[in-house]
Amino acid sequence: MADEEDEVGFDEELEDGSSGVDVGHGKRKRLFSKELRCMMYGFGDDQNPYTESVDILEDLVIEFITEMTHKAMSIGRQGRVQVEDIVFLIRKDPRKFARVKDLLTMNEELKRARKAFDEANYGS
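Per an unreviewed UniProt entry, the recorded name for the chain is Transcription initiation factor TFIID subunit 13, and the organism is Myripristis murdjan. According to the UniProt record, the Sequence similarities (unreviewed entry) comment for the chain is "Belongs to the TAF13 family." Recorded under Subcellular location (unreviewed entry), the UniProt text for the chain is reproduced unchanged: "Nucleus".

In structure tokens, the structure reads:
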């Protein structure tokens, strides 16, 4: 019952155009087009890929992010997305799980390095 109410609220957000993916409903701000173009080139596409290809890929990326965010909000603490929730959702996909583990480890290393750098320059 509560799930049905949540879905109605989500549909209302989509109808007013404030969130979600607009497919074929005019122009909207492209959030990741520059990054996607670079990634497409890095994976072997032309240096200037077709705008339509970038738009389709961006729609897929936004759809994936939206779905993962909604799923993450439904587990753990209601209404909040935490790193552990994302890790829980991707735990069965070995490639994504390994990549997330690598990124989290690198993030921790960068935090430690920044802290050490700040202490060396400004510390006691």
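A. Examining the pattern of salt bridges more closely. One pass over the full model with this rule turns up five salt bridges. When the shortest N-O distance is used, the salt bridge between D59 and R30 registers 3.0 Å. Pair noted here: D59 is in helix α3 (residues 51-74) and R30 is in the loop between α1 (2-15) and α2 (33-42), with a separation of 29 residues, a long-range link. Between E108 and K111 there is a salt bridge; the shortest N-O distance is 3.8 Å. Placement of the pair is E108 and K111 together in helix α5 (residues 94-122), with a separation of three residues, close to one helical turn.

B. Structural context of the side chain of D85. Turning to its location among the elements, D85 is positioned in helix α4 (residues 83-90). Within the buried set, D85 has no salt-bridge partner at all; the shortest N-O distance to an opposite charge, 7.7 Å, is to R80. Beyond its immediate stretch of four places on either side in the chain, D85 contacts A72, I75, G76 and R80.

Calculation rules
- Residues numbered from 1 in each chain as written.
- Predicted model: local features only at pLDDT ≥ 70, side-chain atom pairs only at ≥ 80, totals over all residues.
- Heavy atoms only, no water.
- UniProt positions renumbered as here; feature names shortened; annotations may be inferred.
- Salt bridge = Lys/Arg side-chain N within 4 Å of Asp/Glu carboxyl O.
- Helix = DSSP H or I, 4+ residues; strand = E, 2+ residues; numbered from the N terminus.
- Buried < 20%, exposed > 50% of the residue type's maximum accessible area, 1.4 Å probe, protein only.
- Lys, Arg positive; Asp, Glu negative; His and termini not counted.
- Contact = heavy atoms within 4.5 Å.

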